[in-house]
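One letter stands for each residue in the lines below.
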Amino acid sequence: RRGEMAKSTQLIDNEVFRAYATYAGIVLIKMMLMSLITAYFRITRKAFVNPEDTESFGKGESAKKYLRTDPDVERARRGHLNDLENIVPFVGIGLLYALSGPELSTALLHFRIFTGARILHTFAYLIPLPQPGRGLSWAVGYSVTFSMAYKVLKTAWLL
Amino acid sequence: RRGEMAKSTQLIDNEVFRAYATYAGIVLIKMMLMSLITAYFRITRKAFVNPEDTESFGKGESAKKYLRTDPDVERARRGHLNDLENIVPFVGIGLLYALSGPELSTALLHFRIFTGARILHTFAYLIPLPQPGRGLSWAVGYSVTFSMAYKVLKTAWLL
Amino acid sequence: RRGEMAKSTQLIDNEVFRAYATYAGIVLIKMMLMSLITAYFRITRKAFVNPEDTESFGKGESAKKYLRTDPDVERARRGHLNDLENIVPFVGIGLLYALSGPELSTALLHFRIFTGARILHTFAYLIPLPQPGRGLSWAVGYSVTFSMAYKVLKTAWLL
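These figures come from a predicted structure and were not determined experimentally.

## Let's talk about the relation of the copies chain A and chain B
Right, so step 1: By a simple turn and slide, chain A fits onto chain B: the slide is 0.0 Å along the axis, the RMSD is 0.0 Å, and the turn is 120°. When the rotation and shift are considered jointly, the pair of chain copies conforms to a three-fold rotation axis.
Right, so step 2: A distinct binding surface is used by each copy, with only 18% of the interface residues of chain A retained as interface residues in chain B.

Here it is in structure tokens:
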């Protein structure tokens, strides 16, 4: 039992892996917070999609009017979907990258730039900032993930 | 070759990791089943989105009428998207959590509650159950993932 | 420090894990390319969803007319969402599968068929090919992921 525990903590003892776990945890939590932002807008704008969600507003027509789309709700949802499209590949490729033996300083550079870019992206989307604010923050995160993918494929390549 | 094989099975020999693999496998399969449920509703309700999917119903107007949305199809699709938003973070954070050296009993508690909550969430969404059934099952799964993220960040923290 | 580095490269030295890293990297990059295809169609078809994205076309009504949906944009977006629904489970289950000690040849068979099927699926969706082209390529990838999940659950099962 002890031996197994020791084995299981090997990875988490590695500094690059610890950095990965920290930043992957931060961006995944950031992504999950989009659910709360969407819920906040749904409740304050009274804009729902499921009939059972409007039942507390009464029955029939009085509740049906809250089954509608709202620009702020849709904006938060698009930000959430963009996170899924970009943060999920980062988490997957980042794990392989962390296991491919990069220098700690290089790895930290990748993780920090990606995390900063995605936090900026969320603000750029929700405020919203004028373009190319959102576009650039998206492109920076996207490029970081490609850079990590290049290192993974160069190290692991076995087709 | 043997040595490598042995190394590769170290993680899967660890009990916490085995529990993680079991529950992550179960919730990912559950998420994938949402595709079949959506396909079932698309076929039985004759509600498609791609013109090439309706060609077996004939050409021209007779097929075009099946390019439409259907409440049951949309409901299954929302359940699927909600799974992506919640099960994917669980799988990512859960992996790091399993590697952060938790007690087996604590880990099992997290994995079991999350898995139960997400299965309930699917039933609550598809039947649908009156609120707050779906909301509560969502919140339980969400909280479990945050609890694991807290343990990961506490153990790994390297910014 | 050296010892830790050595430990961190154990996994990536394993052939099955290297094959997994290669194919997971390829399909994740393929999924990310869907963002570029969507952006390409948004720009060439002038079909945007965020008001701030159309400001370079002028202010007021002249820009507002570009806030619209376009069939090619929507098709690329559906392809991207289908990738999220299928490639993400492959990456998660594939990692556990690679750690469950499969034969290299069996693992390569799974990874190659899945990757080929998903590349075919993208072409079938974007061209589009007549059905059942897209349906079959989807089903092949789906079945490969289930086959890996079965091996993971058989090896790891700890409920």
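## Quick word on the environment of Phe-146 of chain A
Right, so step 1: Here Phe-146 of chain A lies in helix α7 (residues 133–156).
Right, so step 2: Taking C-alpha positions, Phe-146 of chain A is 20 Å from Met-31 of chain A, a pair spaced 115 residues apart along the chain.

## Focus: the packing of aromatic side chains
Right, so step 1: Scanning the model with the defined rule gives 33 aromatic pairs over all chains in all.
Right, so step 2: The interplanar angle of 55° and the centroid separation of 4.7 Å between the aromatic rings of Phe-57 of chain A and Tyr-66 of chain A together place this pair among those described as tilted.
Right, so step 3: Taking relative accessible area as the criterion, Tyr-66 of chain A reaches 16% and is therefore assigned buried.
Right, so step 4: Judged by centre distance (6.2 Å) and plane angle (90°), the rings of Phe-90 of chain B and Phe-111 of chain B are edge-to-face. With Phe-90 of chain B in helix α5 (residues 71–98) and Phe-111 of chain B in helix α6 (residues 104–126), this residue pair connects regions lying 21 residues apart in the sequence.
Right, so step 5: Owing to a relative accessible area of 0%, Phe-111 of chain B belongs among the buried residues under this scheme.
Right, so step 6: Over the ring of Tyr-125 of chain B we find Arg-134 of chain B; its NZ or CZ atom is 4.4 Å from the centre of that ring.

## A few points about the interface of chain C and chain B
Right, so step 1: Tallying the contact residues gives 39 residues for chain C and 40 residues for chain B.
Right, so step 2: Both faces considered, chain C and chain B share a buried interface measuring about 3400 Å² in area, 67% of it formed by carbon and sulfur atoms.
Right, so step 3: Run the count over chain C and chain B and you get 3 salt bridges.
Right, so step 4: Among the salt bridges present, the one from Asp-53 of chain B reaches Arg-134 of chain C, with a minimum N-O distance of 2.9 Å.
Right, so step 5: Our count for the chain C to chain B interface comes out at 11 residue pairs in polar contact (both at pLDDT 80 or more).
Right, so step 6: Listed by contribution, the elements that provide at least two residues to the side of chain C that touches chain B are α2 (10–13), α5 (71–98), α6 (104–126) and α7 (133–156) of chain C.
Right, so step 7: Sort the elements by how many residues they give to the side of chain C that touches chain B and α5 of chain C lands first, with 11 residues.
Right, so step 8: Classifying every residue of the side of chain C that touches chain B by side-chain character gives 24 nonpolar, 8 polar and 7 charged.

Quick notes on the rules
- Residues numbered from 1 in each chain as written.
- Chains lettered and ligands numbered in written order.
- Predicted model: local features only at pLDDT ≥ 70, side-chain atom pairs only at ≥ 80, totals over all residues.
- Heavy atoms only, no water.
- Least-squares fit on C-alpha atoms with pLDDT ≥ 70 in both.
- Contact = heavy atoms within 4.5 Å.
- Helix = DSSP H or I, 4+ residues; strand = E, 2+ residues; numbered from the N terminus.
- Phe/Tyr/Trp six-rings, centres within 6.5 Å; stacked < 30°, edge-to-face > 60°.
- Buried < 20%, exposed > 50% of the residue type's maximum accessible area, 1.4 Å probe, protein only.
- Lys NZ or Arg CZ within 6 Å of the ring centre and 35° of its normal.
- Buried area = accessible area lost by both parts, 1.4 Å probe.
- Salt bridge = Lys/Arg side-chain N within 4 Å of Asp/Glu carboxyl O.
- Polar contact = N/O pair within 3.5 Å; in protein donor to acceptor, adjacent residues only side chain to side chain.
- Nonpolar A, V, L, I, M, F, W, Y, C, P; charged D, E, K, R; others polar.

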